[in-house]
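Architecture and fold: a report
Now for the letters of each chain:
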Amino acid sequence: MAVLETVVIAFWAMLPAYVPNNAAVLAGGGRPIDGGRTWGEKRVLGDGKTWRGTAAGILAGVALAVVLTYLAPTVSDLVGVDVPGFVPGAAVGLAAGAMLGDILASFLKRRTGRQRGAMFPGLDQLDFVVVSLPLTALLATEWFLEVFTLGVILVVVVLTPILHVTTNVIAYKLGLKNEPW
């Protein structure tokens, strides 16, 4: 598989995992998942992880996977790369895994004394990847093994932090985020 083809497939296959956290920010607010509870005198998750944001993020990721599946044949013809459609388990695994990864990162941030919005290099950029890929492998094993070759996974691990930092800086400059990370 050529490098450009691998990059295109990696980006395409991860879109349902890339979008949920952004959708959660836009639709967030409401009741925090942790209900304000503490553990060891620190919030379990914090006010930034809400039921509404999580549900909206998962729905946005799954909806995007449905649209991408519909568009896959046309996009494949246009770009000359056979991009995959998404089976239901993959759509749910990528979207829900992304949200769960972000929630787990928030939990780890609270345990290490970081406040909401505080930077945690590495974790901030890959939290959703670390959970979405294994969950997708569990829910859609055959699809995962076909799409996420070693090369695609390597591109995801390299490309994701770059995309994450870039989109966060843009959101910060647009006033959608309070910090650029």
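Figured I'd write up the structure that's included with this text. Computed from a predicted structure; not experimentally measured.

Calculation notes
- Residues numbered from 1 in each chain as written.
- Predicted model: local features only at pLDDT ≥ 70, side-chain atom pairs only at ≥ 80, totals over all residues.
- Heavy atoms only, no water.
- Helix = DSSP H or I, 4+ residues; strand = E, 2+ residues; numbered from the N terminus.
- Expected span 1.5 Å × (residues − 1).
- Bend = angle between axes of the 7 residues up to and from the residue.
- Phe/Tyr/Trp six-rings, centres within 6.5 Å; stacked < 30°, edge-to-face > 60°.
- Buried < 20%, exposed > 50% of the residue type's maximum accessible area, 1.4 Å probe, protein only.
- Contact = heavy atoms within 4.5 Å.

The end-to-end C-alpha separation of helix 1 (residues 3-27) is 36 Å, in line with the 36 Å expected for 25 residues at 1.5 Å each. At Leu 15, helix 1 shows its strongest bend, of approximately 50 degrees, with the proline Pro 16 following within four residues. A positive backbone phi angle near 100 degrees is found at Gly 29, which sits one or two residues after helix 1.

Here we come to the packing of aromatic side chains. For the structure on display, the rule yields six aromatic pairs. Considering the side-chain rings of Tyr 18 and Phe 128, the 6.0 Å spacing of their centres and the 80 degrees angle between planes classify their relative orientation as edge-to-face. You can see Tyr 18 sitting in helix 1 and its partner Phe 128 sitting in helix 4 (residues 123-139), a full 110 residues away along the chain. Taken together, the ring pairs in this structure connect Phe 86, Trp 143, Phe 144 and Phe 148 into an aromatic cluster.

What follows is about helix 2 (residues 51-79). Of all the bends in helix 2, the greatest reaches close to 50 degrees and is centred on Ala 72; the proline Pro 73 follows between one and four positions later. Burial in helix 2 covers these residues: Gly 53, Thr 54, Ala 56, Gly 57, Gly 61, Ala 65, Leu 68, Ala 72, Val 75 and Ser 76. Check the buried side of helix 2 and you find it contacts helix 1 and helix 3 (88-111). Of the residues flanking the end of helix 2, it is Gly 80, one or two places downstream, whose phi is positive at about 75 degrees.

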